[in-house]
Amino acid sequence: MLINSTKQSLSNLPRSNKRGLVMFCDVLICAFTVWLAFGLRLDQWGHFQGSQWWTFIFAIGFSFPLFIVFGLYRAIFRYIGSAALASMARVFIIYTGLFFCAFTLIGVDGVPRSIGVIQPILLFIAIGTSRYFVRYWLGSHNNIHKSLHKTRPVALIYGAGSAGRQLAAGLASNKEILAKAFIDDDLHLQGSTINGLSVYPNDGMQELIDRLDITDVLLAIPSASQARRSEIIASLNGRGVRVRTLPGLIDIASGRVRISDLHDLDMNDLLGRAVVPPEVRLLEKNIRDQVVLVTGAGGSIGGELCRQIIKFSPKSLVLIDNSEHSLYLIYEELKKALIGIEDDGLAAVGGDQASLSHSVFPIKLVPCLASVRDGDLLLKIFRTHQPTTVFHAAAYKHVPLVEQNPAEGIRNNVFGTFNCAQASLECGVSNFILVSTDKAVRPTNIMGASKRIAELVLQAMAGIKDDHSTNFSMVRFGNVLGSSGSVAPLFSAQIAAGGPITLTHTEVTRYFMTIPEAAQLVIQASSMAVGGDVFVLDMGEPVRIYDLAVKMIYLSGLLVRDEAHPHGDIEIKVTGLRPGEKLYEELLIGDNPQPTAHPKIMKALEESLSWDELEQELEKLKIALDANDSKLIKDMLKKLVPGYQPNGGGVLG
């Protein structure tokens, strides 16, 4: 008990106190090794006389400056490793040379010349041993302390290459995760031992997991293709282990790997498909040295658009959002990404000066607190900043909420888009891009119908091309994993809470894409527009939501609880389709989409209305909204959007 309390007290000391204690101990070690060297050489353990005291002065005088210069007092003992040992070796090569010259080559009266060799050897052994003893001593205390609070995960490292070996070394120093073995596909490595860990083939993995009581599989295969990663991840489904990926190699190499540094699988791993690298030429065409404006900048898609846009050096970036909190968060994030300075405050928006400009900013950021429903304020912002490219991502997109608040959803999604497009026309915007959705195709809900009318607004405005120079286009894609309202964050939270996972129907399927991939494709599509284009992103194969939920449960190291497995961990509870929800979504209204210069972007050939026809219908829709007449609103939507079947009708397609 006394020993453990002593360890705890030493661990809790301030860093400066620890360094002072180590220096004091090194003084004692220097003195002891000098005394021991004389005793071994003369076989006398008596008092020192005369010039023999110079050995103490020289030992301390030579060693301490070298210890400081080579960083021996900066090392953290419980993480000490081969790098620290190499530093000690360099110190003692220099120290031995100096001490040897002073007492062996030159010589001091009364001091045997062999002391110049014996003492440095003893000092090297004593200093090295003391460091490793403290590492072991404090390390064992940390392990005991942690074991009182939680069971240490037992890991299998998939990948015995350079990254896997560094990960194993980092975990050995950290002690939070116990690495038991490697798995590797390389036949030359299988059967060998690396850093005390055996390397096994991937066949027979379940037997290995059971025999070694494995709780976690850590993927250390940074060079593997997405297809190979997906294959490996699929092989781990249902094995009762948590699957995580390699942290940054800087953390590994520094011996500071913690459980929190190991990441859960990213969204591409969950989707199991490769991402096509973006074409830089398309990304920067409408951005570099341009004034770019993003509506809904604080949302999932709008925020990611902003992150991608600043990588290609726009002249300025105007951020519009009606949520103060969301606008503040994205503004602060972009400031740090650009220059890393501390908070300068959020500029007031709505007066004569609506921008924040500092010479230290490489890109001028303009946060505007505004709603797209406020046409007058939008026009003022557009006139003030004169954007050349506009990405319109502001929308109400949560299907059940818009279904219960149809008038507000339509005002925001339809007339908000109209306001932005009208401001773009009046201010000479070159490119206007609407972020649309697959729910606009044969919609069964008001949100989808409102987005289809927003598309019709832009198609109609593009049809009067002779009267303006604005290039209108829209990009239609499906669900975005990780966005607000997406199932992935919801399922993660439900799994962390012990379940159940709530699912509306076991056969619901959706197209999925990651947020960065979607944002990059939207930007690239905008550069290919010629006017009125409806771009459709290749979302890959649709994913059954039930399968995604099962996969997330398995890869969390848990099992599904159902009738066949009553002792599983997480139940999947089916709640029934919500109003307006489809079993599956579509991306095209018509057939035969046209290819573009990008392999993941297609161009749809969709019917549209002339501006004269649409303008009259929009006036009627506005009257229905003002009257808040739900029946009349739905009748107008049916007239404007062929295929719209409200109240969840037609959920089979």
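Residues numbered from 1 in each chain as written. Predicted model: local features only at pLDDT ≥ 70, side-chain atom pairs only at ≥ 80, totals over all residues. Heavy atoms only, no water.

S.K.: What am I meant to see in the overall build of the protein here?
M.R.: Helices and strands together make up the secondary structure of the protein, namely 22 helices and 23 strands. Sequence-distant contacts, at least 24 apart, represent 74% of the contacts inside the protein between residues at least 6 apart. Carbon and sulfur atoms make up 56% of the accessible area of the protein, which amounts to about 29800 Å² in all. (Helix = DSSP H or I, 4+ residues; strand = E, 2+ residues; numbered from the N terminus. Contact = heavy atoms within 4.5 Å. Areas by Shrake-Rupley, 256 points an atom, 1.4 Å probe, with all protein chains shown as cover.)

S.K.: I'm lost on the pairing of strand 18 (residues 533-537) in this one. Help?
M.R.: The side chains of a regular strand alternate, residue by residue, between the two faces of the sheet. Counting buried positions along strand 18 yields five of five residues, so the element is predominantly enclosed. Of the two faces of strand 18, both are covered, the one formed by Asp-533, Phe-535 and Leu-537 as well as the one formed by Val-534 and Val-536. Pairing of strand 13 (residues 471-477) with strand 18, which is carried by four bridges, proceeds in the parallel orientation. Bridged to Val-475 within strand 18 is Phe-535. With four bridges connecting them, strand 18 and strand 23 (residues 601-604) associate as antiparallel partners. Note that in strand 23 the partner of Val-534 across the bridge is Ala-604. (Buried < 20%, exposed > 50% of the residue type's maximum accessible area, 1.4 Å probe, protein only. Pairing = 2+ DSSP bridges.)

S.K.: Looking at this model, I keep getting lost on helix 17 (residues 446-462). Mind explaining?
M.R.: Three- or four-residue spacings in an α-helix give side chains the same orientation, since the helix completes a turn every 3.6 residues. In this model helix 17 runs 24 Å from its N-terminal to its C-terminal C-alpha over 17 residues, within 8% of the 24 Å that 1.5 Å per residue would give. Among the 17 residues of helix 17, 17 are classified as buried, and the element is accordingly described as predominantly covered. (Expected span 1.5 Å × (residues − 1).)

S.K.: Can you walk me through the confidence of the model for the protein in this structure?
M.R.: Per-residue confidence for the protein gives a mean pLDDT of 77, with 77% of residues at or over 70. Here residues 140-150 is a poorly scored stretch, pLDDT under 50, and it has twelve contacts once near neighbours within four places are set aside; other chains count. With pLDDT under 50 throughout, residues 648-653 is counted as low confidence; its partners more than four residues away or in other chains account for 16 contacts. (pLDDT = per-residue confidence, 0-100.)

S.K.: I would appreciate a short explanation of a negative patch on the surface in the present structure.
M.R.: A grouping of Asp-612, Glu-613, Glu-615 and Glu-619 is seen on the molecular surface, where their side chains present a negatively charged patch. Relative to the helices and strands, Glu-615 is located in helix 21 (residues 611-627). Residue class for Glu-615 comes out partly exposed when judged on its relative accessible area of 38%. (Patch = residues over 30% accessible without salt bridge, like charges linked within 9 Å, V, L, I, M, F, W, Y side chains within 5 Å. Salt bridge = Lys/Arg side-chain N within 4 Å of Asp/Glu carboxyl O. Lys, Arg positive; Asp, Glu negative; His and termini not counted. Charge placed at Lys NZ, Arg CZ, Asp CG, Glu CD.)

S.K.: Is there a simple way to explain the environment of Ala-155 in this structure?
M.R.: Structurally, Ala-155 is set in strand 1 (residues 154-158). Take Ala-155: its relative accessible area is 0%, and that puts it in the buried class. Remark: the alpha-carbon pair of Ala-155 and Ala-181, spanning 26 residues in sequence, is separated by 7.5 Å. When near neighbours in sequence (up to four residues on either side) are disregarded, Ala-155 contacts Ile-177, Leu-178, Ala-179, Lys-180, Ala-181, Ile-214, Asp-216 and Leu-218.

S.K.: Which parts of the structure should I look at to understand unusual backbone geometry?
M.R.: Note: most residues except glycine have negative phi, and most peptide bonds are trans. Residues other than glycine seldom take positive phi values, yet Asp-213 does so here, at roughly 55°. Looking at the secondary structure, you find Asp-213 in the loop between helix 7 (205-212) and strand 5 (216-219). The class for Asp-213 is exposed, based on a relative accessible area of 56%. At Ser-313, a position not held by glycine, the phi torsion is positive, near 55°. Mapped onto the elements, Ser-313 comes out in the loop between helix 12 (300-309) and strand 9 (316-321).

S.K.: I'm lost on the packing of aromatic side chains in this one. Help?
M.R.: We describe a pair of aromatic rings using the distance from one ring centre to the other and the angle between the two ring planes. In total, this model carries five aromatic pairs according to the counting rule given. For the ring pair Phe-92 and Phe-124, a centre distance of 5.0 Å and an interplane angle of 80° mean the geometry is edge-to-face. One end of the pair, Phe-92, is in helix 4 (residues 82-106); the other, Phe-124, is in helix 5 (residues 115-147), with 32 residues separating them in the sequence. Residue Phe-124 is classed as partly exposed on the basis of its relative accessible area of 32%. Put simply, the rings of Phe-92, Tyr-95 and Phe-124 pair up and form one aromatic cluster. (Phe/Tyr/Trp six-rings, centres within 6.5 Å; stacked < 30°, edge-to-face > 60°.)

S.K.: Even after reading the chapter, I still don't get the sheet that holds strand 18, so can you show me in this structure?
M.R.: Taken in spatial order, the nine strands line up as 10-9-8-11-12-13-18-23-22 in an open sheet, and their pairing is mixed. Of all strands in the sheet, those with a lone pairing partner are strand 10 (364-369) and strand 22 (594-595), marking the two edges. Those strands touched by helix 14 (residues 375-385) are strand 8 (291-295), strand 9, strand 10 and strand 11 (389-392), and its axis lies near 175° from that of strand 9. Sheet strands in contact with helix 17 are strand 12 (431-437), strand 13 and strand 18, and its direction is about 155° off that of strand 12. (Axes fitted to C-alpha atoms, helices over the stretch in contact; angles between N-to-C directions.)

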